[in-house]
Amino acid sequence: MTQQFPANFIWGSATSAYQVEGAWNQDGKGPSIWDVFCLIPGKVQSGDTGEIACDHYHRISADVALMKTMGLKAYRFSIAWARILPAGRGVVNVQGINFYNKLIDELLAAGIEPWVTLYHWDLPAALEFEIDGWLGNEIATVFAEYAEVCFTHFGNRVKNWITINEAWVVAILGYGHGVFAPGKKSNDLPYLAAHNLLLAHAQAVNVYRTKFQKQQKGFIGITNNCDWREPLTDSVADKEAAQRALEFFLAWFADPVYKGDYPAVMKERLGNRLPTFTQEQKMLLKGSSDFFGLNHYTTMYASDATNNKELESVYGNGGLSEDQDVNLSVDGAWKLTAMQWAIVPWGCKKLLQWIEERYDNPNIFITENGGAFDDKLIDGQVNDVDRIDFFKGYITAIGEAIDAGVNVKGYFIWSLLDNFEWASGYSKKFGIHAVEKDSMNRIAKASALWYRDVITNNAV
Ligand code: PNW
């Protein structure tokens, strides 16, 4: 059965600056917290770093040509803040501006829409040292100033802006579990970092709306990540646990943006560990996203843990689970990716319907979805049938959600290239193109050719 997509559906692929660009200290770029984090022994698998990554910085012409061959309608990339503002604020680095100008111009010449993320985790190191990064009072204003530089230089051609990528990951993995930069371990700091990420988003959107949107006529929003949480049993307690888990995951960020405040369940359970918004901040937040950006990767069962807490789940997938009283598990029958994330396409459909209902049917863009697999290069080819199955399953489920009335408007594959997978280094391959270590050649995997057909037929 083929699943047809609406006309004008946006098919894209995504990357982020630190994961693909390389050129970490070239042409005036300042260091980011990920440049520093990678230097600390034991933080990244095999001591890998993003110093060279996919060398995208030097290969944008070839990479845009690759995207054109595939028929991509959109390319989502992020701007390295420290390439534009090497010290995080103050002096603008013209060579950084030139680089993104060139990328944007080449994309437009190839008929590919640029979707630009302002923050995909590579905070300028200067801001970590000087103003305590996402924990400091000044960060929201400093972020809005950086955003303004980007709107000023690129907004005449960029019509789709994403302020922050996955504030949940920054907060939980960067400040809770400490496995991502800046590597802090705490039960309280995630809530403060998250609060400042939300305020930064709201301030940047306010700058865009008051100074740029009328003339530039673009859209701006935030991208959050969320897994689906399926109740383990039919019991009321487990159903409530699954709902609670989703609220601690997605509603933590989406409620402030759509409703102006944190979910009640978080306020109740966290008390004064959860910062509060002023009336003015609530107004700035409410309605601050022109679209619902969603990154989705996996599904877990949720069960009530009020009387039976289990140990923290793998890789912090549950957030700070002691605050939620939720146990997470997977079904042994579910297939796993190389990240050990379960492949459950119906979970994606259910999540989309949950968003439709809770946030009043917003326009949704799936800004990331994909799977890491242990790809093998055989005679210069990667026959990644597992990845094709993964995409077939998820894209079909998304089509079903659309048929059921959910407003999904676009889909971006994570990722265009095998790249630097954060704490996992280069060991986890999400790309639809392999990158040969020595030559930096791009090799189209079977999934890239398969995706090209999906785009051509507008169907899966
Ligand atoms: C996202 N989790 O990260 C990021 O946006 C990408 O940069 C990354 O490469 C991709 O997904 C694959 O990991 C996540 O623990 C990292 O739930 C961790 C989680 C989710 C997303």
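Structure: see above.
Predicted, not measured: the structure shown is a model, and the values here were computed from it. (Residues numbered from 1 in each chain as written. Predicted model: local features only at pLDDT ≥ 70, side-chain atom pairs only at ≥ 80, totals over all residues. Heavy atoms only, no water.)

### Structural notes on the overall build of the protein
Note the following rule: Numbering of helices and strands runs from the N terminus; a helix is a DSSP stretch of H or I covering at least four residues, while a strand is a stretch of E covering at least two. Note on method: radius of gyration uses C-alpha positions; expected globular size equals 2.2 Å times residues raised to 0.38. Partly exposed describes any residue whose relative accessible area lies between the buried limit of under 20% and the exposed limit of over 50%, with all areas from a 1.4 Å probe on protein chains only and scaled to the type maximum. Pairs of residues are marked as contacts when any of their non-hydrogen atoms sit within 4.5 Å. Every accessible area reported is derived by Shrake-Rupley at a probe size of 1.4 Å, with residue values counting cover from the shown protein chains alone.
A tally of regular secondary structure across the protein gives 15 helices and 15 strands. In terms of C-alpha radius of gyration, the protein reaches 21 Å, essentially the compact-globule figure of 23 Å for 460 residues. With the principal axes as the frame, the protein shows a C-alpha extent of 55 × 55 × 45 Å. Evaluated residue by residue, the protein yields a buried proportion of 63% over its 460 residues. Look at the contacts in the protein between residues 6 or more apart in sequence, and 77% of them connect residues 24 or more apart. Accessible area of the protein: about 17300 Å², with a carbon and sulfur share of 51%.

### Examining the sheet that holds strand β6 (residues 228-231)
Inclusion rule: Two strands pair if DSSP finds at least two bridges between them. Whenever a helix is involved, its axis is fitted only over the stretch in contact; in every case the axis is a line through C-alpha atoms, and angles between N-to-C directions fall within 0 to 180 degrees.
On the basis of which strands lie adjacent, the open sheet formed by three strands has the order β6-β8-β9 and mixed pairing. A strand with exactly one partner marks an edge of an open sheet, and here the two such strands are β6 and β9 (326-329). Neighbouring strand axes in the sheet, compared pairwise and without regard to direction, differ in orientation by 40° on average. The pairing of strand β8 (residues 299-304) with β9 spans four bridges and is classified as antiparallel. By the bridge assignment, Ser 303 is partnered in β9 with Asn 327. Running at roughly 100° to β6, helix α13 (residues 345-358) makes contact with β6 and β8 of the sheet.

### As for the side chain of Thr 337
Structurally, the position occupied by Thr 337 is in the loop between β9 and α13. In contact with Thr 337, not counting residues within four places along its chain, are Ile 343, Gly 371, Ala 372, Phe 373 and Phe 390.

### Digging into the environment of Glu 268
For Glu 268, the location among the structural elements is in helix α11 (residues 264-270). For the pair Glu 268 and Ala 448, spaced 180 residues apart in sequence, the C-alpha to C-alpha distance is 47 Å.

### A look at the packing of helix α10 (residues 236-259) against α13
Where we set the bar: The scheme is simple: roughly parallel for angles under 35 degrees, roughly antiparallel for over 145, roughly perpendicular for 65 to 115, oblique for anything else. Definitions for this section: a left-handed crossing has its near helix turned counterclockwise from the far helix by less than a right angle. A right-handed crossing has that turn clockwise. For this classification, Asp, Glu, Lys and Arg are treated as charged, while Ala, Val, Leu, Ile, Met, Phe, Trp, Tyr, Cys and Pro are nonpolar and the rest, including Gly, are polar.
The contact between α10 and α13 brings their axes to 12 Å, and the two run at 45°. As judged from the angle between their axes, α10 and α13 are oblique. With respect to the hand of their crossing, α10 and α13 are arranged in right-handed fashion. In this structure, α10 uses Gln 243, Leu 246, Glu 247, Leu 250, Ala 251, Asp 255 and Lys 259 to contact α13, whose residues at the interface are Leu 351, Trp 354, Ile 355 and Arg 358. In terms of residue class, the contact of α10 with α13 is built from six nonpolar, one polar and four charged.

### Considering the sheet that holds strand β2 (residues 74-78)
Strand order in this closed barrel of eight strands is β1-β2-β3-β4-β5-β7-β10-β13, and the pairing throughout is parallel. Within this sheet the neighbouring strands show an average axis-to-axis angle of 25°, counted without direction. The strands touched by helix α7 (residues 139-154) within the sheet are β3 (113-119), β4 (160-165) and β5 (219-225), with β3 carrying the most contacts at an inclination of about 160°. Sheet strands touched by helix α9 (residues 189-216): β4 and β5. Its angle to β5, the strand with the most contacts, is close to 165°.

### Considerations on the nonpolar core
We count it as follows: Put simply, buried Ala, Val, Leu, Ile, Met, Phe, Trp, Tyr and Cys residues joined by side-chain atoms within 4.5 Å make one nonpolar core.
In this structure, Trp 34, Trp 81, Trp 134 and Tyr 451 are the most contacted members of the largest nonpolar core, which totals 145 residues. For this core, the element with the highest residue contribution is α9, accounting for 13 residues. Ignoring anything within four residues of it in the chain, the contact list for Tyr 451 reads Trp 11, Gly 12, Met 70, Leu 72, Ile 395, Tyr 411, Ile 413 and Ile 432. Ile 10, Ala 14, Ala 338 and Met 339 belong to the second-largest nonpolar core, a separate cluster that totals 15 residues.

### Quick notes on empty space enclosed by the protein
Our working rule: Here a cavity denotes a set of grid points, spaced 1 Å apart and computed over the protein atoms alone, in which a 1.4 Å probe fits but from which it cannot get out, and a pocket denotes an open set meeting protein on both sides within 12 Å along at least five of seven lines; residues with an atom within 4 Å of a point are reported as lining. Grid points are joined across faces, edges and corners, and a volume is the space filled by probe spheres set on the points.
The tally for this structure, following the rule as stated, stands at six cavities of 30 Å³ or more. In terms of lining, the largest cavity is formed by 22 residues, of which the most central are Trp 121, Glu 166, Val 169, Tyr 297 and Trp 341. Considered as a void within the structure, the second largest cavity measures approximately 50 Å³ in volume. Forming the walls of the second largest cavity are Ile 33, Trp 34, Tyr 119, Trp 121, Trp 134, Val 169, Val 170, Tyr 175, Phe 180, Ala 181 and Pro 182. Of all the elements in the fold, those that place two or more residues in the lining of the second largest cavity are α2 (33-37) and α8 (167-175). If one sorts the elements of the lining of the second largest cavity by residue count, α8 sits on top with three residues. A per-class count over the lining of the second largest cavity returns 11 nonpolar, no polar and no charged.

### A closer look at the layout of surface pockets
Roughly 410 Å³ of volume is contained in the largest pocket. Lining of the largest pocket is provided by 19 residues; of these, Tyr 426, Lys 429, Val 435, Glu 436 and Lys 437 occupy positions nearest its centre. Classifying every residue of the lining of the largest pocket by side-chain character gives nine nonpolar, two polar and eight charged. Of the volumes computed, that of the second largest pocket is approximately 310 Å³. Around the second largest pocket sit 20 residues that line it, and Asn 8, Ile 10, Asn 363, Phe 365 and Lys 409 are the ones nearest its centre. Counting only elements with at least two residues in the lining of the second largest pocket, the list comes to β3 and β13 (408-414).

### A closer look at the site of the ligand
We count it as follows: By convention in this text, a residue qualifies as near a molecule or strand provided that one of its non-hydrogen atoms is within 4 Å of it. Residues adjacent in sequence count toward polar contacts only when both atoms are side-chain atoms; beyond that, a polar contact is any pair of N or O atoms within 3.5 Å, and within protein one must be able to donate a hydrogen and the other to accept it. For this analysis, a molecule is said to be in a pocket or cavity if more than half of its atoms are within 2 Å of the grid points defining it.
Taken together, 19 residues sit near the ligand, with Gln 19, His 120, Glu 368, Glu 421 and Trp 422 positioned nearest. The side chain of Glu 368 places a nitrogen or oxygen atom 2.8 Å from an oxygen atom of the ligand. In this structure, an oxygen atom belonging to the ligand sits 3.2 Å away from a side-chain N or O atom of Trp 414. Computed on the free molecule, the ligand has an accessible area of 450 Å², of which 99% lies beneath the protein chains in the complex. Under a 2 Å grid-point criterion requiring more than half of the atoms, the pocket assigned to the ligand is the largest cavity. Broken down by element, the shell around the ligand gets its largest block of residues, three residues, from α8.

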